[in-house]
Amino acid sequence: MNFYEEDHHFQSLIKKLLRPALSEWAERELHEFGERCATVIDERARHTDREGQPKLVKYDRFGEDISEVWVNDGYKQTIKETYDKGIVGYIHKSIPEIGEKGDYVYSYAQGYLLSQTEPGFYCPVTLTMATAYLLEHYASTELKARFLPHVLSTGEMELYEGATFLTERQGGSDVGANETKAVKDGENYRLYGEKYFASNAGMCGVAMVLARTEGAAAGSKGLSLFAVSWRKENGSLNGIAIRRLKDKLGVRAVPSAEVEFTGAEAFLVGEECNGIYYMMEALNLSRVCNAIASIGIMRRAFSEAKSYAFRREAFGRKLADYPMVKDTLTRLAVKQEVDTSAVFTLVELFDKVMKKDSKATAEETALNRLLIALLKMETAEQSIHFAHEAIEMHGGNGFIEDFVTPRLLRDAQVLTVWEGTANILGLEVLRLMHKFKVHHLFMDHMKKEISELPAALVEWKDLLHDKVEALSDMTAYVMNSPEETQTFHSKKIAKLMTNVYESVIVLKEAAVGTQRDLHKAEIFLEQTWEITKYTDESMKTVKFFEEIICWEINESKSIAQT
């Protein structure tokens, strides 16, 4: 089994997006990593979820608080293999074999493969990526020298995984309510307070923490960003204790904890009281990771549903022979591919915007933030839907923990919550509309993309022109309405934008692709815009089933059974 080799659409997409110097090397690396993810790393994920979950060792034999987190040996090996592949390091430093840096496209391609195995393994990577970004962009030269080589390690030195500690008990998404204090102590600071949902606690070497300096203003604008070592140079805890690990529904591989700071030595990162602005940039990075994890779950759920449908017999026929099953599988395949293309098209823009020496325009930066919010929201919700459909395809077996499907559903549930719920993201879209007039930027961009589609797609071009006009009318009404009306409509605006964006993506692929790409576009557009009502005489999902589903090498066995 090989998650990369079996995903022909993803292979084609990545080859288009990777720059030539990186492509050949990355192809070999992704092929090898895809095989590891589908086999040994998948075995470790099953073990970690069922028997090998992280455990808190609170006290040593003398009764001293050591707040250590135990993880199983397979977890440790997965950490080593993943970071040694450069999933974080090669975004920021040269790849020895080719003498060039990697990029976010390559890193997120790895994340996509890893998330098909276990998003709980990918969460610490996400936090380490955010830590590396914040250190590289805002830390002093001294702080960079102290932490960054370890955070970017690909095996040549001790790895410091990262973490970002924001959430407090009284605040949740309202970060401005945070109370953790930073007290000046010589050149540096001491932190006092608690963080209520601190993922990768006990495993990170350095955490990026928001805290309020003495005399700073209330609210989010009074928060500063600090780098905090988990341990001192002598190995003892750095004024940090873990109260307890969270007993989570899913993503059980990653330890999430309640953490107390009791005078932890902390180093200011960037300018005082600018922490929320720095952390919002890291949050956008994490939201892309969230979307990557979502499409990874979508892909695994589809793969499991497909393999089971071709394997399982009911009433004398394979499940895959029944029209309703063909309809389900075709719809899943189409949606998963479109969402994957949409997310990785965003990653291409994201890579441009997030570079330290970025040449991105203000318009590209605003559009990047908008698309992150839209696709994080869409893919997270779809990951739950796909996991549900995979369980439905398996029937009673889908509810049994011997199969991967229950874990997919449990893991998917958190993706709608992590890095901002749909409500928070709807408000983010609204803020971007007010601050950057991003709805106008988006509509102008979509109109340009639609105008460049070939004349042969005129029917769909006309449809999308109408949808952009509908979006224009909707945003004009909302922007001239009271605040309650605006917030009420914010998610509706986001959904309409997402549908337009993904429709353009699928048509662009159809314009330069094969007959399969054209049929995929037809199915997606008819489903998205509900063109086919109750009676579907064309039954395109059945008619094009072989073309859409069976173009890949037939999988005779479920991954969970290998």
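Computed from a predicted model, the values in this text were never measured in an experiment.

*Asks:* Describe in detail the overall build of the protein chain, supporting the description with residues and values.
*Replies:* Each helix and strand in the protein chain was counted, giving 19 helices and 13 strands. Its C-alpha radius of gyration of 24 Å places the protein chain within 12% of the 24 Å reference for a compact globule of 562 residues. Overall size of the protein chain, expressed as C-alpha extent along the three principal axes, is 75 × 55 × 45 Å. A buried classification covers 59% of the 562 residues belonging to the protein chain. Put simply, the protein chain shows about 22900 Å² of open surface, and 51% of that area lies on carbon and sulfur atoms.

*Asks:* An account of helix H16 (residues 483-512) is needed here, citing residue identities and associated values.
*Replies:* Over its 30 residues, H16 extends 43 Å from the first C-alpha to the last, a length consistent with the 44 Å expected when each residue adds 1.5 Å. At His 489, H16 shows its maximal bend, which comes to roughly 40°.

*Asks:* Lay out the layout of surface pockets in plain terms, naming residues and giving numbers.
*Replies:* Reported here for the second largest pocket is a volume of approximately 600 Å³. Every residue lining the second largest pocket is counted, 21 residues in all, and those nearest its centre are Glu 158, Leu 159, Tyr 160, Cys 204 and Gly 205. Broken down by secondary-structure element, the contributors of at least two residues to the lining of the second largest pocket are helix H4 (73-84), helix H8 (141-151), strand E8 (204-213) and strand E11 (256-269). Residue composition of the lining of the second largest pocket, by class: eight nonpolar, five polar and eight charged. Looking at the lining of the second largest pocket, you find at least three residues from each of domain 1 (8-152) and domain 2 (162-276).

*Asks:* Quick one: what's the story with the pattern of salt bridges, residue by residue and with numbers?
*Replies:* Counted by the stated rule, this structure contains 44 salt bridges. Here Arg 169 and Glu 194 are joined by a salt bridge, their closest N and O atoms 3.0 Å apart. Placement of Arg 169 in the loop between strand E5 (161-165) and strand E6 (181-185) and of Glu 194 in strand E7 (residues 188-199) is noted, with a sequence separation of 25 residues between them. For Arg 169, a relative accessible area of 52% puts it in the exposed group.

*Asks:* An account of the environment of Cys 37 is requested, with residue identities and associated values reported.
*Replies:* Its place among the elements puts Cys 37 in helix H2 (residues 20-38). In this structure, the C-alpha to C-alpha distance between Cys 37 and Gln 110, residues 73 residues apart in sequence, is 9.6 Å. Those residues in contact with Cys 37 that lie beyond four places of it in its chain are Phe 3, Asp 42, Leu 113, Leu 114 and Thr 117.

*Asks:* So what's going on with the environment of Glu 401? Residues and values would help.
*Replies:* As for its placement among the helices and strands, Glu 401 is situated in the loop between helix H11 (362-394) and helix H12 (405-415). Through-space distance from the C-alpha of Glu 401 to that of Arg 50 is 8.8 Å; in sequence the pair is 351 residues apart. In this structure, Glu 401 is in contact with Asp 49, Arg 50, Pro 406, Arg 407 and Arg 410, ignoring residues within four places of it in sequence.

*Asks:* I'd like a rundown of the packing of aromatic side chains, residues and numbers included.
*Replies:* Tallied over the full model, the rule gives 15 aromatic pairs. Residues Phe 147 and Phe 267 carry aromatic rings whose centres are separated by 6.2 Å and whose planes lie at 65° to one another, so their mutual orientation is edge-to-face. Here the residue Phe 147 occupies a position in helix H8, and Phe 267 occupies one in strand E11, the gap between them amounting to 120 residues. One exposure class covers both Phe 147 and Phe 267, and it is buried. On the numbers, 6.2 Å between centres and 20° between planes, the contact of Phe 310 with Phe 545 is stacked. Taken as a pair, Phe 310 in helix H9 (residues 275-311) and Phe 545 in helix H19 (residues 545-549) lie far apart in primary sequence, 235 residues in all. With relative accessibility at 2%, the residue Phe 545 sits in the buried group. Feature note: the residues Tyr 4, Phe 10, Tyr 112 and Phe 344 constitute an aromatic cluster, connected by ring pairs.

*Asks:* Lay out the packing of helix H14 (residues 438-451) against H16 with the relevant residues and their values.
*Replies:* Taken N-terminus to C-terminus, the directions of H14 and H16 make an angle of 25°; their axes are 11 Å apart at the nearest point. It follows that H14 is roughly parallel to H16 by the angle criterion. The element H14 and its partner H16 pack so that their crossing is left-handed. For the pair H14 and H16, the contacting residues are His 439, Phe 442, Met 446, Glu 449 and Ile 450 in the first and Met 497, Val 500, Tyr 501, Val 504 and Lys 508 in the second. Here the residues of the contact of H14 with H16 are counted per class, giving seven nonpolar, one polar and two charged.

Conventions we followed
Residues numbered from 1 in each chain as written. Predicted model: local features only at pLDDT ≥ 70, side-chain atom pairs only at ≥ 80, totals over all residues. Heavy atoms only, no water. Helix = DSSP H or I, 4+ residues; strand = E, 2+ residues; numbered from the N terminus. Rg over C-alpha atoms; globule rule 2.2 N^0.38 Å. Buried < 20%, exposed > 50% of the residue type's maximum accessible area, 1.4 Å probe, protein only. Areas by Shrake-Rupley, 256 points an atom, 1.4 Å probe, with all protein chains shown as cover. Expected span 1.5 Å × (residues − 1). Bend = angle between axes of the 7 residues up to and from the residue. 1 Å grid on protein atoms, 1.4 Å probe; cavity = no way out; pocket = protein on both sides within 12 Å on 5 of 7 lines; lining within 4 Å. Points joined across faces, edges and corners; volume = space filled by probe spheres on them. Nonpolar A, V, L, I, M, F, W, Y, C, P; charged D, E, K, R; others polar. Domains from an automatic or database assignment. Salt bridge = Lys/Arg side-chain N within 4 Å of Asp/Glu carboxyl O. Contact = heavy atoms within 4.5 Å. Phe/Tyr/Trp six-rings, centres within 6.5 Å; stacked < 30°, edge-to-face > 60°. Axes fitted to C-alpha atoms, helices over the stretch in contact; angles between N-to-C directions. Parallel < 35°, antiparallel > 145°, perpendicular 65-115°, else oblique. Left-handed = near helix turned anticlockwise from the far one by under 90°.

Everything listed is a geometric property; what it means functionally is a separate question.
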